[in-house]
Every structure is written in structure tokens, then in C-alpha cells.
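# Structural characterization, general
Chain residues, written in single-letter form:
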Amino acid sequence: MTDSTTSAIPDAALDFAELASNLRTNNQKNQIKVISHLAKAGGDGLRVLQEFLLERRSTTPNFVDGKVYQVLYTSADPVSAEFLRSTFPHGLLPTPSDRQIDYSLLQKLLAAADFQSADKITIQLLCELAGPAAVQRKWLYFTEVDTFPETDLQTINTLWQLYSEDKFGFSVQREIWLGVGKMWDKMWPKIGWKNGNNWTRYPQEFTWDLTAPRGHLPLSNQLRGVRVMEKLLSHPAWK
């Protein structure tokens with residue numbers, strides 16, 4: 001093998017032992033490429049991915065683990081489905097909540113790479129954190145964000161990062177926001193929410209997969225101003 005990405009190697013010539021080794025030793029960018037190659041290799045490739053997750057079960061998962069889980073979760077392979085059911089019955093990531101909120105559906109949607117449905121559920125969960133009045137009106141007052149527990153925001157954020165190759169999440173948006181000096185007009189085009197003077201139209205003009213710009217998701221309703229998003233990105237959860 002001439003490089004760690006395996007991009008030039010036909011499936012018939014795959015060396016699964018070497019791919020397994022690369023999966024465990026390469027940097028994260030190359031690991032993602034190896035995962036993609038194994039995913040295309042069928043059952044033998046999926047078994048390598050299962051072994052990788054099994055070995056890392058006692059560690060805190062990162063987005064490489066999330067990608068492996070996502071590949072197994074979305075495959076049509078019954079062995080992979082049974083492996084996930086028996087080994088990770090509650091999903092890859094524990095989802096703690098100080099408000100006893102159930103984040104399992106969000107995790108399932110993100111694992112399935114259904115980012116549009118996950119986005120809808122995210123705003124519902126944020127309204128649930130804000131209380132019954134927000135649930136009824138289906139949007140947030142910026143003052144309600146201050147009441148959100150750090151644990152719950154971190155759970156939502158980590159799920160988004162875990163299953164998006166670290167492209168999506170509030171902390172990713174915060175990083176971009178700080179990088180442009182907290183200037184919203186510079187942030188919107190950077191994350192794909194505005195093109196010139198035109199706001200991106202929901203839902204058809206948003207990108208619901210990983211070809212989206214970094215920080216594209218989850219969404220926030222800018223028709224009500226930026227104060228909710230400013231509160232979210234300034235929350236103590238990220239400090």
C-alpha cells in the first residue's frame with residue numbers, strides 16, 4: 001500500500017489487516033477515508049468496523065467512532081444491525097440530561113444521517129428545555145436560553161458533532177462566530193445561511209448532508225433576530 005487513504009486500491013486487492021491497522025493509527029482525516037473504503041467493501045469491511053468500535057467501547061467516542069457507528073447503522077447488513085443492538089442498545093453516546101429529557105430520537109436521526117429531521121427535533125428539544133410555554137409556541141425567547149442546563153446543551157451539541165464528522169453543532173458555530181469577531185454579516189455566508197443579500201430559504205435551499213459548509217446546522221430562526229443564537233453561542237456550556 002502506497003498511502004494511507006487506500007484511494008487507488010481496487011476492492012479485489014483490499015488488505016483488511018492493513019486497513020484495520022490504518023484505522024487504528026492514522027490521523028482522523030485519514031481514518032474517515034479508511035472508513036469509507038471499508039464501508040464499500042461489504043461484509044468483511046463492516047466486520048473490521050465492528051471490531052474497531054468494540055475495542056473502543058470503554059473510551060469517550062469521537063467523530064471517527066460516530067462515523068463508524070453511522071456506517072453500521074445505515075447499512076443493510078443484518079449482522080451489523082444485531083451487533084449494534086447487542087453492543088450499543090442505547091446508541092453510541094450516553095445522553096445525560098439535568099431535566100430528564102430523552103435525547104434518544106435525536107441520536108437515532110443523526111446516526112441515520114437524517115439531518116433535516118434531526119434539526120426539527122433539536123428545536124423541539126430546546127423548547128422542551130425552556131418549558132411548556134415554549135413548547136406550545138414552538139420557538140424560544142432569548143431570555144429562556146439562560147435557563148438551559150449546561151449538561152443538556154452539551155448533550156445536544158455532542159450528538160451533532162459526533163455524527164457529522166465534527167462539521168455541525170453549536171460549539172462549531174461558536175468557533176466560527178468568534179473567528180469572524182462576532183460579526184453576524186460575516187458569519188451568515190460562511191455557514192451558508194445567506195448568499196449576498198439573499199437569505200437561504202427554508203427548507204429547500206439548505207443543505208441537509210455533509211456537503212454543507214461547516215457550521216451549517218443546526219438552524220436558528222433569524223427572522224426573530226440574532227439574540228437567541230447569540231445566547232446559545234455565549235452559553236457557559238462552551239466555556
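Residues numbered from 1 in each chain as written. Predicted model: local features only at pLDDT ≥ 70, side-chain atom pairs only at ≥ 80, totals over all residues. Heavy atoms only, no water.

As recorded in an unreviewed UniProt entry, the protein chain goes by GUN4 N-terminal ARM-like repeat domain-containing protein and comes from Planktothricoides raciborskii GIHE-MW2.

### Considerations on the side chain of Gln31
Tracing the backbone shows Gln31 in helix α2 (residues 28–39). Beyond its immediate sequence surroundings of up to four residues, Gln31 is in contact with Asn22, Leu23, Asn26, Phe52 and Val64. (Helix = DSSP H or I, 4+ residues; strand = E, 2+ residues; numbered from the N terminus. Contact = heavy atoms within 4.5 Å.)

### Here's the deal with the packing of α2 against helix α4 (residues 63–74)
It is at 10 Å that the axes of α2 and α4 come closest, and there the two elements cross at 10°. For the element pair α2 / α4, the angle class is roughly parallel. For the pair formed by α2 and α4, the contact residues are Gln28, Gln31, Ile32, Ile35 and Ala39 on the first element and Phe63, Val64, Lys67, Val68 and Val71 on the second. Taken together, the residues of the contact of α2 with α4 break down into 7 nonpolar, 2 polar and 1 charged. (Axes fitted to C-alpha atoms, helices over the stretch in contact; angles between N-to-C directions. Parallel < 35°, antiparallel > 145°, perpendicular 65-115°, else oblique. Nonpolar A, V, L, I, M, F, W, Y, C, P; charged D, E, K, R; others polar.)

### Details of the packing of aromatic side chains
The full count for this structure, using the stated rule, is 16 aromatic pairs. For the ring pair Phe83 and Phe88, a centre distance of 6.1 Å and an interplane angle of 70° mean the geometry is edge-to-face. Judged by relative accessible area, which is 8%, Phe88 ranks as buried. Between Trp139 and Tyr141 the ring centres are 5.1 Å apart and the planes differ by 75°, which places this aromatic pair in the edge-to-face class. Residue class for Tyr141 comes out partly exposed when judged on its relative accessible area of 42%. The rings of Tyr69, Tyr73, Phe83, Phe88 and Tyr163 are connected pair by pair, giving a single aromatic cluster. (Phe/Tyr/Trp six-rings, centres within 6.5 Å; stacked < 30°, edge-to-face > 60°. Buried < 20%, exposed > 50% of the residue type's maximum accessible area, 1.4 Å probe, protein only.)

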